Amino acid sequence: MREITFSAAIREAMVEEMRRDPAVFLMGEDVGTFGGVWGVSAGMLEEFGEERVRDTPISEIAIIGAGLGAAMSGMRPIVEIMFGDFLMCAGDQITNQVAKARFMSGGKADVPLTIRVTSGAPGSAAAQHSQSPEAWFMNVPGLKFAVPASPADAKGLLKSAIRGEDPVLFFEHKMLYAVKGLVPEDIDFVVPFGQAAVLREGSDVTLIGIGIMVRKALAAADALAEEGISAEVIDPRTLVPLDHETLIRSAAKTGRVVIAHEAHRRAGPGAEIAAMLAEEAIEYLDGPIVRVAARNLPLPYSPGLEEFVLPSAQDIVQAARSLAG
Amino acid sequence: MEKELKAYPRELLVELFRRMVLVREFELRAIEERRAGLIPGFIHSCVGQEASAVGACLALEAGDVITSTHRGHGHLIGKGGDPRYMMAELAARSTGYCRGRGGSLHIADFDLGILGANGIVAGGIPIAAGAALAFSMRGEPRVALSFFGDGAVNEGAFHEAANLAGLWKLPVVFFCENNLYGEGTPQSKQAPVTDLAVRAEGYGFPGTVVDGQDVLAVYGAVREATGRARTGQGPTFVEAKTYRYRGHYEGDPQVYRLPGEMEAWQARDPIPAFRQRLLEAGILTEAALKEIEAGVQAELEEAVAFAKAAPVPEPQEALQGVYADTHGGLVF
């Protein structure tokens, strides 16, 4: 274990998988010479060459569609969509082709396609470069969703995605790229999908964080501890599959649940988690399931406006306090 | 003309004829069985377009792949699809190509290089580019041919895939079956050009127009295209001018046809024309032609019987084949 950034952890996962398996390659806008607009693939072109670290035209349909065709033809592509906001440019390929290729073919198509996507608000990037679009696609059966919040999970989940036979939308929050954390060096270190992580144990309230909101939930838990409120912090790590058991166990223990994500509140990932808990754990709950999320407004440019729309650690504290206080 | 035919291997000529007859008769039989209640879903038949489908597919090698369309039965049979599994799929049975989960719009057979029919106009084109990318990266001399209609060249997916394939010189054949109508609207109201093959030029590869009712013309154009693809010269756009005799879908009232248009195209029907050429060239006798036609009918009888005898899927089978790994059912 050594401390590396979230960005380096993702690069390390790609590099290690490309070294061990010639079928793995990376393509996307500016991933080669530029090294990725967020610098994630810096240096990979030099090691692997233009065939396997492929700069593409600005063509999201072709990037994802060709990724699918290559995946069904024996390759294991990693494709990068520079901003999650651009996924809708390739909406048909994602929802009608990638997600359903296996099912429609009677289970015959393997689709080992990893779609890496940056998400979230990096600050004053405004309405078309700041969104967290997980739930846009969670309604489509056939896809899996990874939302890592730490460097170790980013590396381990990405390896699981690349090695798996199912298509994965892999969300990388832009404000996590520079975050450092301990990451195992074992090249077979993987984090399985469908296993939530309990990051902090507590007894009064469960804080379920998604992506960057995991960090804010941990900060909120510190603040709540000073007020004598014991918060448990859980990171689902993948939204599909979702680890029901760990979430239900925690809800049963604390009786109070706050779900925090940067996606919009209405029909966001938290709505699905809240519905699941309402269906499967209502008898344990002492109050409403509360969502802390972006307001149902486009992401604004001006910092004060943006802050008004986005959820904060303080919002989590207040939500937890209102439940447990 | 005799000399021209003699230049082709006899087996190829026979197979071009047999598969065209099989496509035509499969479609007519499927329509009949749909009316009789065996088939619950859509049928977009390709009656009239057999020469383009079969000519293109028989120009491919066994390792080549295709992506197909909503009007795909001809492509599937052309590429070697088994009418029994096709009919069983149309009949929504467990023994169908997709185990009753896909229907006509989604038939795929990866062993035969059929990467899937497609319910989305132009949906398969980027997929073909991706298959070609895989072949190219591995240094395999294989080609991906994407079938699409005249409507598809106005979709963004075509343009993005054509640009990518042209840029990377991928071994793709963009095969446009221009049947003059995108659903119920004539091409003249959908595109400002008559020959859609001109669009290839902007993406840096050649486009060629071919008589889609002449199976050997189609075969020749696709052979040339695959030759280019296999030698690293990149894609080719082949536009086959053709015509569908039936509606966009079975049940289409077809209010959009021009007077006399159908009759003019049917006078150039690809199957009797080719049959006559084979006969006149002495490639096949009348008796041999009749034997082939009877063989097709027998094959279809067997296909329908196979479909009827097949079990319908158990409802719980819908849970299978959505994911490779369901994580103990958590994905549902």
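Residues numbered from 1 in each chain as written. Chains lettered and ligands numbered in written order. Predicted model: local features only at pLDDT ≥ 70, side-chain atom pairs only at ≥ 80, totals over all residues. Heavy atoms only, no water.

Next up on the list: the overall build of chain B. Helix and strand content of chain B: eleven helices and seven strands. Scaling as 2.2 N^0.38, a compact globule of 332 residues should have a C-alpha radius of gyration of about 20 Å, and chain B matches this with 20 Å. The principal-axis extents of the C-alpha atoms in chain B amount to approximately 60 × 50 × 40 Å. Considering chain B as a whole, with its 332 residues, one finds that 58% of them fall into the buried category. (Helix = DSSP H or I, 4+ residues; strand = E, 2+ residues; numbered from the N terminus. Rg over C-alpha atoms; globule rule 2.2 N^0.38 Å. Buried < 20%, exposed > 50% of the residue type's maximum accessible area, 1.4 Å probe, protein only.)

Once that is clear, we can look at the packing of aromatic side chains. Residues and elements named next belong to chain B. By the definition in use, this model includes 20 aromatic pairs over all chains. Look at Y8 and Y219: their rings are 6.2 Å apart centre to centre, the planes differ by 75 degrees, and that puts the pair in the edge-to-face class. Residue Y8 is located in the loop between α1 (2-6) and α2 (10-35), and its partner Y219 is located in helix α8 (residues 215-230); the two are separated by 211 residues in the primary sequence. Accessibility expressed as a relative area gives 12% for Y219, which makes it buried. A centroid spacing of 5.5 Å and a plane angle of 75 degrees characterise the contact between Y85 and Y97, whose relative ring orientation is edge-to-face. Of this pair, Y85 sits in helix α5 (residues 83-90) while Y97 sits in the loop between α5 and α6 (125-138); the two residues are twelve residues apart in sequence, bridging distant segments of the chain. On the basis of relative accessibility, which here comes to 31%, the residue Y85 falls in the partly exposed class. Here Y97 falls in the buried class, since its relative accessible area comes to 8%. An aromatic cluster is built from F148, F158, F174, Y203, F205 and F237, whose rings are joined through pairwise contacts. Lying over the aromatic face of F306, R84 brings its terminal NZ or CZ to 5.4 Å of the ring centre. Over the aromatic face of Y181 sits the side chain of R257, whose NZ or CZ is 6.0 Å from the ring centroid. (Phe/Tyr/Trp six-rings, centres within 6.5 Å; stacked < 30°, edge-to-face > 60°. Lys NZ or Arg CZ within 6 Å of the ring centre and 35° of its normal.)

If you look at the interface, chain B gives 40 residues, while chain A gives 46 residues. With both chains or domains summed, chain B and chain A bury close to 3,400 Å², and 65% of this area falls on carbon and sulfur atoms. Our count for the chain B to chain A interface comes out at zero salt bridges. Summed over the shared surface of chain B and chain A, the result is 18 residue pairs in polar contact (both at pLDDT 80 or more). Here the side of chain B that touches chain A takes nine residues from α6(B), the largest share from any one element. Here the side of chain B that touches chain A is composed, by residue class, of 24 nonpolar, ten polar and six charged. (Contact = heavy atoms within 4.5 Å. Buried area = accessible area lost by both parts, 1.4 Å probe. Salt bridge = Lys/Arg side-chain N within 4 Å of Asp/Glu carboxyl O. Polar contact = N/O pair within 3.5 Å; in protein donor to acceptor, adjacent residues only side chain to side chain. Nonpolar A, V, L, I, M, F, W, Y, C, P; charged D, E, K, R; others polar.)

So, on to the sheet that holds strand β6 (residues 207-211) of chain B. All names here are of chain B. A sheet is described by the order of its strands in space; here five strands give the open sequence β1-β2-β3-β7-β6, paired in parallel fashion. Strand pairing shows two members of the sheet lacking a second neighbour, β1 (65-67) and β6, which therefore form its edges. Between one strand axis and the next, the sheet turns by 20 degrees as a mean value, whatever way the strands run. Here strand β3 (residues 172-178) pairs with strand β7 (residues 236-241) via six bridges, running parallel. Pairing of V173 across the sheet is with T236, part of β7. (Pairing = 2+ DSSP bridges. Axes fitted to C-alpha atoms, helices over the stretch in contact; angles between N-to-C directions.)

Turning our eyes to something else, we now look at the pattern of salt bridges. Counted under the stated rule, the structure contains 46 salt bridges over all chains. Note that R19(B) and E15(B) form a salt bridge whose closest N and O atoms lie 2.8 Å from each other. Residue R19(B) and its partner E15(B) are both found in helix α2; the two are separated by four residues, about one turn of the helix. A salt bridge links R24(B) to E50(B); the shortest N-O distance between them is 2.5 Å. In this pair, R24(B) is assigned in helix α2 and E50(B) in helix α3 (residues 50-58), connecting sequence segments 26 residues apart. Note on accessibility: R24(B) and E50(B) belong to one class, buried. Residues joined in a network through salt bridges with shared partners are R2(A), E12(A), E16(A), E17(A), R20(A), K155(A), K159(A), R163(A), E185(A) and D188(A).

Let's shift gears to the domain arrangement of chain A. Residues and elements named next belong to chain A. According to the domain assignment, chain A contains domain 1 (2-183) and domain 2 (197-324). Taking the mean C-alpha position of each, domain 1 and domain 2 sit 26 Å from one another. At the junction of the two partners, domain 1 supplies 24 residues and domain 2 supplies 24 residues. Between domain 1 and domain 2, a total of about 2,000 Å² is buried, with carbon and sulfur atoms accounting for 64% of that surface. Sorting the residues of domain 1 by area buried against domain 2 places S124, M138 and V147 first, and these three jointly supply 26% of that buried surface. At the boundary of domain 1 with domain 2, the tally comes to one salt bridge. (Domains from an automatic or database assignment.)

Pairing between the strands of a sheet comes from backbone hydrogen bonds, and it takes one of two forms, parallel or antiparallel. All names here are of chain A. Spatially, β9-β11-β10-β13-β14 is the arrangement adopted by the five strands of the open sheet, whose pairing is mixed. At either margin of the open sheet sits one strand with a lone partner, and together these are β9 (197-200) and β14 (290-294). Averaged over all neighbouring strand pairs, the angle between strand axes comes to 25 degrees, with direction disregarded. As paired elements, β9 and strand β11 (residues 231-235) share three bridges and run antiparallel to each other. Looking at β11, one finds that V198 is bridged to I234. Each of β10 (205-209), β13 (257-264) and β14 touches helix α12 (residues 313-324); the most contacted strand, β13, lies at about 150 degrees to it.

This next bit is on the environment of C98(B). Secondary-structure assignment places C98(B) in the loop between α5 and α6. Linking C98(B) and D109(B), residues eleven residues apart in sequence, is a C-alpha distance of 8.6 Å.

Core analysis: the largest hydrophobic core is formed by 93 residues, its most contacted members being L87(A), L169(A), L277(A), F174(B) and F237(B). Mapped onto the domain boundaries, this core takes at least three residues apiece from domain 1 (2-183) and domain 2 (197-324) of chain A. Every residue in contact with F174(B), bar those within four places of it in the chain, is listed here: I125(B), S146(B), F148(B), F158(B), A161(B), A162(B), A165(B), F205(B), P235(B), T236(B), F237(B) and V238(B). Core analysis: the second largest hydrophobic core is formed by 64 residues, L13(B), V215(B), I292(B) and A303(B) among them. (Core = buried A, V, L, I, M, F, W, Y, C linked by side-chain atoms within 4.5 Å.)

Here we come to the packing of α5(B) against helix α11 (residues 286-309) of chain B. Residue and element names in this part refer to chain B. Orientation of α5 relative to α11, taken along the N-to-C sense of each, is 45 degrees, at an axis distance of 8 Å. One finds that α5 runs oblique with respect to α11. Relative to α11, the crossing made by α5 is right-handed. Contacts from P83, R84, Y85, M87 and A88 of α5 reach α11 at E299, L300, E302, A303, V304, F306 and A307. The class makeup of the residues in the contact of α5 with α11 is nine nonpolar, no polar and three charged. (Parallel < 35°, antiparallel > 145°, perpendicular 65-115°, else oblique. Left-handed = near helix turned anticlockwise from the far one by under 90°.)

On to unusual backbone geometry, then. Residues and elements named next belong to chain A. Of note, the amide linkage connecting V240 to P241 takes the cis form, showing an omega dihedral of 0 degrees. Locating P241 in the fold gives a position in the loop between β12 (238-240) and α9 (244-254). Positive phi, close to 65 degrees, is recorded for A126, a residue that is not glycine. Looking at the secondary structure, you find A126 in the loop between β5 (114-119) and α6 (134-138). Since its relative accessible area comes to 21%, A126 is described here as partly exposed.

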